[in-house]
Amino acid sequence: QAVEVHLWLSAAALLIAAAICVPLGILTSRSPASSAVVLGIINTLRVIPSLAIILLVFPFLGLGPKPALVALIVLACPPILVNTDAGFRNVDPAIIEAARGMGMSPSQVLWRVQAPLALPVIVAGFRTATIEVVASATLATFIGSGGLGDFISAGLALNDNKLLLVGAVPVAILALTAEILLSRLERRLRVHTA
């Protein structure tokens, strides 16, 4: 059950962050002025520890998964947004012009040309976000959300290495599995768009 809670928190945070940051990254890639402001704010969030975010939202959301989910979403947003912005911004303008010259509409250029070319960079950002979120979801234990952090916290409190490893090893396996799978996906996408 602890693994299920950990996976649920991580997956929910990543999906919500992607739903927010991919469209926002597309918008910022088209507007240098908004890009500077939005990316500046998002990069500022990177320096705030996840535990601090949990403690900040705890008085408003109380105990349970909600504060942890908010903290993990904030953690996942910067790499996804920055890489989405960079992926769309770095599509060769000549390719975009050629697509327009072929009579493609703006939405066709976006989804048929720009999105496939930007996808490897977006996946790289999602990979970074996934590893950070999977590792940080252990902090959910501090506000009663459960998950693998319960074992790590109890192991540290009781000075019990076996109990500590019951929580730490699955977290490491989940993070490594995500790294391997998303790295392979990123490489395949780069080969297809090369």
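Calculation rules
- Residues numbered from 1 in each chain as written.
- Predicted model: local features only at pLDDT ≥ 70, side-chain atom pairs only at ≥ 80, totals over all residues.
- Heavy atoms only, no water.
- Helix = DSSP H or I, 4+ residues; strand = E, 2+ residues; numbered from the N terminus.
- Buried < 20%, exposed > 50% of the residue type's maximum accessible area, 1.4 Å probe, protein only.
- Salt bridge = Lys/Arg side-chain N within 4 Å of Asp/Glu carboxyl O.
- Patch = residues over 30% accessible without salt bridge, like charges linked within 9 Å, V, L, I, M, F, W, Y side chains within 5 Å.
- Areas by Shrake-Rupley, 256 points an atom, 1.4 Å probe, with all protein chains shown as cover.
- Axes fitted to C-alpha atoms, helices over the stretch in contact; angles between N-to-C directions.
- Left-handed = near helix turned anticlockwise from the far one by under 90°.
- Nonpolar A, V, L, I, M, F, W, Y, C, P; charged D, E, K, R; others polar.
- Expected span 1.5 Å × (residues − 1).
- Arc of directions from axis to C-beta.
- Contact = heavy atoms within 4.5 Å.

**Student:** Explain the overall build of the protein here, please?
**Tutor:** Along the backbone of the protein there are 8 helices and 0 strands. When the elements of the protein are put in sequence order from the N terminus, they spell out α-α-α-α-α-α-α-α. A principal-axis box enclosing the C-alpha atoms of the protein has dimensions of 65 × 35 × 25 Å. Out of the 194 residues belonging to the protein, those deemed buried represent 41%.

**Student:** It is not clear to me how the pattern of salt bridges should be interpreted in this structure. Could you clarify?
**Tutor:** Close approach of charged atoms allows side chains of opposite charge to pair. The tally for this structure, following the rule as stated, stands at 5 salt bridges. Note that R127 and E179 form a salt bridge whose closest N and O atoms lie 3.3 Å from each other. Highlighted residues: R127 in helix α6 (residues 106-136) and E179 in helix α8 (residues 161-193), separated in sequence by 52 residues. A relative accessible area of 19% places R127 in the buried class. By relative accessible area, which is 24% here, E179 ends up partly exposed. A salt bridge links E186 to R190; the nearest nitrogen and oxygen atoms lie 3.1 Å apart. In this pair, E186 and R190 both sit in helix α8, 4 residues apart, roughly one turn of the helix. Owing to a relative accessible area of 9%, E186 belongs among the buried residues under this scheme. Of the residues examined, R190 reaches a relative accessible area of 39% and is grouped as partly exposed. One continuous salt-bridge network, built from bridges that share partners, spans R127, E179, E186 and R190.

**Student:** Is there a simple way to explain a nonpolar patch on the surface in this structure?
**Tutor:** The grouping of L51, L55 and F142 at the surface amounts to a nonpolar patch, some 300 Å² of accessible area in total. Position of F142 relative to the elements: it lies in the loop between α6 and α7 (149-158).

**Student:** Before we go on, may I ask you to explain unusual backbone geometry in this structure?
**Tutor:** One non-glycine residue, N159, lies in positive phi territory at about 55°. Along the chain, N159 falls in the loop between α7 and α8. Here N159 falls in the exposed class, since its relative accessible area comes to 68%.

**Student:** Help me understand the packing of helix α1 (residues 2-29) against helix α4 (residues 65-89), please; the structure alone is not making it clear to me.
**Tutor:** The axes of two packed helices give the description: the angle between them and the distance between them. Interhelical geometry of α1 versus α4 gives an angle of 35° and a closest axis separation of 6 Å. Here the hand of the crossing between α1 and α4 comes out right-handed. Within the contact of α1 with α4, the residues separate by chemical class into 22 nonpolar, 4 polar and 2 charged.

**Student:** For this particular structure, what's the right way to read helix α3 (residues 50-61)?
**Tutor:** Residues lying three or four places apart along an α-helix face the same way, a consequence of the helix completing one turn every 3.6 residues. For α3, with 12 residues, the first-to-last C-alpha span of 15 Å sits near the 16 Å given by 1.5 Å per residue. S50, I53, I54 and V57 are the residues of α3 that are buried. Down the axis of α3, the sector holding all buried residues measures 100°, keeping them to one side. In α3, the exposed residues that point more than 90 degrees away from the buried face are L55, L56 and P59. Here the buried face of α3 lies against α4 and α6. At the C-terminal side of α3, G62 shows a positive phi close to 75°.

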